[in-house]
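# Structural overview
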Amino acid sequence: MAGLAVAAWLTALAGLHLDARRTLLLAIAATGFAGVATLHLLGLVGRPAPAVRRHGWIAVAILIGVVCGGAATSARLVVRDADPLRVLVEARARVSADLVVRDDPRPVRGGIAGRPPTLLVAARLVTLTGSDGQRITTPARVLVLADDPAWRGLLPGQRLTVDGRLAQPRGGDLTGAVLMAVGAPMRLGSPSVLQRAAGRLRAGLQRACAPLPADPGGLLPGLVVGDTSRLPDTVEEDFRATGMTHLNAVSGSNVAIVVGAVLLLARWARAGPALAVGLCGLALVGFVILVRPSPSVVRAATMGAVGLAALAAGRTRAAVPALAAAVAVLVLVDPDLAGDAGFALSVLATGGLLLLAPGWRDGLRRRGVPPGAAEALAVPAAAQLACSPVIAGLTGTVSLVAVPANLLAVPAIAPATVLGVAAAVASSVWPDGAEVLAWLAHWPAWWLVLVARYGARLPAGNLPWPDGVSGALLLSALTVALLVASRRPLVRRLVAVCTVAVVLGALPVRVIAPGWPPDGWVVVACAVGQGDTVLLPVAAGRAVVVDAGPDPAAVDACLRRLGVRRVSLLVISHFHVDHTGGVSGVFRGRQVDTVLVPQWPEPAAGRDLVRATAAVHGTPVAAAPTGWHFRAGSVDLTVIGPPYPMRGTRSDPNNNSLVLIATVDRVRILLTGDAEVEEQRALWERLPLDGLRADVLKVAHHGSAYQDAAFLDAVRPAVALVPVGAGNTYGHPNESVLARLARGGTRVLRTDVDGDVAVVRSPRGLAVVRAGVDRVRAP
């Protein structure tokens, strides 16, 4: 059964990146192999040796898994890649769509201050009508991007009609199209009674948590029902850094806690086995209704039920085939789960609890560890070890604090979950009582916030690791090798000694010379060649990126050096290739929440490149007027230029560059794009006397000669950053411009000489840190 499940999973995952024809051919070929192998094992074709007969059924199971996975996935791909839909998507056609909502609308994090957030809505098409009247009936999946606040209150199962424009999906899943919605949806009927009841309970929990402090009050709905709409960015990043992100979403552990609590109450009341099973079943169904029976919740309920069954029956060996069967069924019903990282982590965590935790727990007991402590140590260690390869592949890091952080979190998870569920249930009949229960639940939630906050700030808490498939496979191989080798006592001692030696040896180095990026950085100018890429830190692993440089590999490498896994805002100051050519590198392996572009539409090639790249990844694009404002984490940013459209200048695209004033940790930073004399003079004339004053200046146009002296004098920066390529043929930077800045007491750094350069805020004021050109490896 395990071989069948893994084969079906991997085949579905491969099929999501192929087309229906090739996936079906794979299934047909596997069918032939499975038939021949079965006949051989039955003795109808040849006579297999006893060893072959014993192990051959494993091969047959794997081939059957390939057959089933290939057939199920190809059937879904036929719907996704249907010619009528594909033609409309490639033409970016305007359409009217009849949809059924599949999951709750989710806001794009790091939205635009003063504007409603962009919402992501997973839906299923019913019919699609083009502008020419062509009508298509297809159950394809779509991702809707909507700005109208009327989308926020939609519930799963709601049918609606909406107008919009189609765009290409990013690929790698079953999404057939992205729909850029225009205006509010027109609702057709109402969702089911169960969905409406769940919506009332979820809203009641949010109301009960509203009076609580922001951090635990935003975390509690995420712990209980997976609603992270009010979770602060800083808390989310701390949880990610400490390997606790599984607590921010509904998982099998939530199901096990709720059903386990009911089971304990039933046993305390001396209920019979049949009654206890019935009560647990009702609790399971009720909890799934509360958190919404979306595919991710059904997955969590299945995994949690498997783990609970193993715990209650004390038969972990019987639970492993049950887990494999659950994986096979879920993947065949919804092949999209094969590419879902949450699904992989849920399965691996459950498998670790079933296969590794019991042996480790018993080993600790034999060495004198009390039973409760042995269980508490074995469970998070087994789950973390099983999940580490996938986490490393996704994040490019290996966490050293995940196991201790999750161990410290264990005592708080159950009370927070149980009290939170009770608050949600009570909210519909006793709102005041719900607030009391939420207040009680916020104390264990506050403990989780503290664990994540201080764990994320430990030195050497996360070590760099190769990301992607190669990094995951490498860590998997090392993990398996260590598990096999550690059965020998001598190997266990050697591993323990080597681990302690590495940690003790590396920790002082990391504390004294923490490497890149430096602590307290407020702005970094990347060495990306003859072009601009500047970063502002939002939170751990998140940043605002201003311009994308000329080369995707170079900008991707800089973001990796800084550990940026999510871009809250990508700003394109103007559409010249040295600021847009690397835009695909910003998206490579990370989420970009919003793209901000200038209103000036030229050059068209750069504009089309940026918009097409954003559309492929389902990222909204906004054209920024002067006064546009953004706030996320530690970054507060405002567009101050161009003050009006600049026409007839030496370079209109340059002189219509977005000019930004940003504040990060009380440090004022002026980012000027490629603004030349005309735009600089217009800003100097129109802004107040201190409107241009900044601590840090990103010198415009790579330090070219086209600078306005009055503008530079008004800025009076302490530090000037000059992104420029070594050996360029433009004469950048201009020596007289650098000399003028230096005479005013400005510290000037340039990326062609210094490599990546960072400005750091310390208790003694601003400081600069240079990565050096030898550290900026060629992509």
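Please read these numbers as outputs of a predicted model, since none were measured by experiment. (Residues numbered from 1 in each chain as written. Predicted model: local features only at pLDDT ≥ 70, side-chain atom pairs only at ≥ 80, totals over all residues. Heavy atoms only, no water.)

When helices and strands are tallied, the chain shows 27 helices and 25 strands. Counting the 779 residues in the chain, one finds 50% classified as buried. For the chain, the proportion of contacts with a sequence separation of at least 24, taken over those separated by at least 6, is 70%. Carbon and sulfur atoms provide 64% of the accessible area of the chain, an area that totals close to 34500 Å². (Helix = DSSP H or I, 4+ residues; strand = E, 2+ residues; numbered from the N terminus. Buried < 20%, exposed > 50% of the residue type's maximum accessible area, 1.4 Å probe, protein only. Contact = heavy atoms within 4.5 Å. Areas by Shrake-Rupley, 256 points an atom, 1.4 Å probe, with all protein chains shown as cover.)

Bringing the environment of Gly765 into the picture now. Along the chain, Gly765 turns up in strand 25 (residues 765–770). Considering only alpha carbons, one finds Gly765 and Val667, 98 residues apart in sequence, at a separation of 9.7 Å.

With 6 of its 6 residues buried, strand 13 (residues 566–571) lies for the most part within the structure. Note that strand 12 (residues 542–546) and strand 13 share 5 bridges and pair parallel. From the neighbouring strand, Arg542 faces strand 13, where its bridge partner is Arg566. For the segment spanning strand 12, helix 19 (residues 552–561) and strand 13, crossover handedness is right-handed. The pairing of strand 13 with strand 14 (residues 591–592) spans 2 bridges and is classified as parallel. Bridge pairing in strand 14 links Val567 to Val592. (Pairing = 2+ DSSP bridges. Right-handed = clockwise from strand over helix to strand, strands pointing away.)

Next up on the list: the packing of aromatic side chains. Within the structure shown, the criterion is met by 2 aromatic pairs. Both rings, one in Trp439 and one in Trp443, keep their centres 5.8 Å apart while their planes meet at 90°; by these two values the pair is edge-to-face. Residue Trp439 and its partner Trp443 are both found in helix 16 (residues 431–456); the two are separated by 4 residues, about one turn of the helix. With a relative accessible area of 46%, Trp443 lands in the partly exposed category. (Phe/Tyr/Trp six-rings, centres within 6.5 Å; stacked < 30°, edge-to-face > 60°.)

Summed over the entire model, instances satisfying the criterion amount to 1 disulfide. Each sulfur in the disulfide pair Cys526 and Cys558 lies 1.9 Å from the other. A torsion of -65° about the S-S bond marks the disulfide between Cys526 and Cys558 as left-handed. Separated by 32 residues along the polypeptide, Cys526 in the loop between strand 10 (521–525) and strand 11 (534–539) and Cys558 in helix 19 bring together distant segments of the chain. Since its relative accessible area comes to 0%, Cys526 is described here as buried. On the basis of relative accessibility, which here comes to 0%, the residue Cys558 falls in the buried class. (Disulfide = S-S within 2.5 Å.)

Turning next to helix 4 (residues 83–90). Within helix 4 the residues assigned to the buried category are Leu85, Leu88 and Val89. Along the axis of helix 4, the buried residues cluster in a sector spanning 100°; they form a single face. Exposed side chains of helix 4 directed beyond 90 degrees from the buried face belong to Asp83, Val87 and Glu90. Immediately beyond the C-terminal end of helix 4, within one or two residues, lies Arg92, with a positive phi of roughly 50°. (Arc of directions from axis to C-beta.)

One finds Leu220, Leu223, Met244 and Leu448 to be the most contacted residues of the largest nonpolar core, which totals 43 residues. Elements that contribute at least two residues to this core include exactly helix 5 (193–209), helix 6 (214–225), helix 7 (233–241), helix 8 (252–268), helix 9 (273–291), helix 15 (402–426) and helix 16. With 9 residues, helix 15 is the single largest residue contributor to this core. Apart from the residues lying within four places of it in its own chain, the contact partners of Leu220 are Cys209, Leu212, Ala416, Ala438, Ala441, His442 and Ala445. Judged by nonpolar contacts, the second largest core, of 33 residues, contains Val571, Ala622, Ala624 and Ala662. (Core = buried A, V, L, I, M, F, W, Y, C linked by side-chain atoms within 4.5 Å.)

Right, let's talk about the pattern of salt bridges for a bit. Tallied over the full model, the rule gives 20 salt bridges. A salt bridge links Arg561 to Asp756, with the shortest nitrogen-to-oxygen separation between them at 2.8 Å. Of this pair, Arg561 sits in helix 19 while Asp756 is found in the loop between helix 27 (751–754) and strand 24 (757–762), placing the two residues 195 residues apart along the sequence. For Arg561, a relative accessible area of 16% translates into the label buried. In this structure, Glu676 and Arg650 form a salt bridge, with 2.7 Å as the shortest nitrogen-oxygen distance. Taken together, the residues span a long stretch of sequence, with Glu676 in the loop between strand 20 (667–671) and helix 24 (677–686) and Arg650 in the loop between strand 18 (635–641) and helix 23 (652–655) at a distance of 26 residues. Given a relative accessible area of 1%, Glu676 falls into the buried group. Three or more residues joined by partner-sharing salt bridges are found here, namely Asp556, Arg560, Arg588 and Arg590. (Salt bridge = Lys/Arg side-chain N within 4 Å of Asp/Glu carboxyl O.)

In the predicted model, the chain carries a mean pLDDT of 78, and the fraction of residues at 70 or more is 78%. Under a pLDDT of 50 for its full length, residues 6–13 has, in the predicted model, 24 contacts with residues more than four places off or in other chains. (pLDDT = per-residue confidence, 0-100.)

Looking along the chain, the bond that leaves Glu602 and enters Pro603 is cis, with omega of -5°. By secondary structure assignment, the location of Pro603 is in the loop between strand 15 (595–597) and helix 22 (604–616). The residue after Gly641, namely Pro642, is reached through a cis peptide bond having omega 10°. Relative to the elements of secondary structure, Pro642 occurs in the loop between strand 18 and helix 23. Phi at His701 is positive, roughly 50°, even though this residue is not glycine. Within the secondary structure, His701 sits in the loop between strand 21 (696–698) and helix 25 (709–715). Taking the relative accessible area as the measure of exposure, His701 reaches 10% and is therefore buried.

What follows covers the packing of helix 15 against helix 16. Orientation of helix 15 relative to helix 16, taken along the N-to-C sense of each, is 165°, at an axis distance of 8 Å. One element, helix 15, and the other, helix 16, form an angle in the roughly antiparallel class. Of the two possible hands of crossing, helix 15 and helix 16 adopt the one that is left-handed. Residues Ala405, Leu408, Ala409, Ala412, Ile413, Pro415, Ala416, Leu419, Gly420, Ala422, Ala423 and Ala426 of helix 15 touch helix 16, and the partners they reach there are Pro431, Ala434, Leu437, Ala438, Leu440, Ala441, Pro444, Ala445, Trp447, Leu448 and Val451. Its residues placed into classes, the contact of helix 15 with helix 16 shows 22 nonpolar, 1 polar and no charged. (Axes fitted to C-alpha atoms, helices over the stretch in contact; angles between N-to-C directions. Parallel < 35°, antiparallel > 145°, perpendicular 65-115°, else oblique. Left-handed = near helix turned anticlockwise from the far one by under 90°. Nonpolar A, V, L, I, M, F, W, Y, C, P; charged D, E, K, R; others polar.)

Next up on the list: the sheet that holds strand 17 (residues 629–632). Strand order in the open sheet formed by 7 strands is 17-18-19-20-21-22-23, with mixed pairing between adjacent strands. Sheet topology places strand 17 and strand 23 (747–750) at the edges, where each strand pairs with a single neighbour. Shown here is a sheet whose adjacent strand axes are inclined to one another by a mean of 20°, direction ignored. Where helix 26 (residues 735–743) meets the sheet, it contacts strand 22 (719–722) and strand 23, and its direction lies at approximately 145° from that of strand 23.

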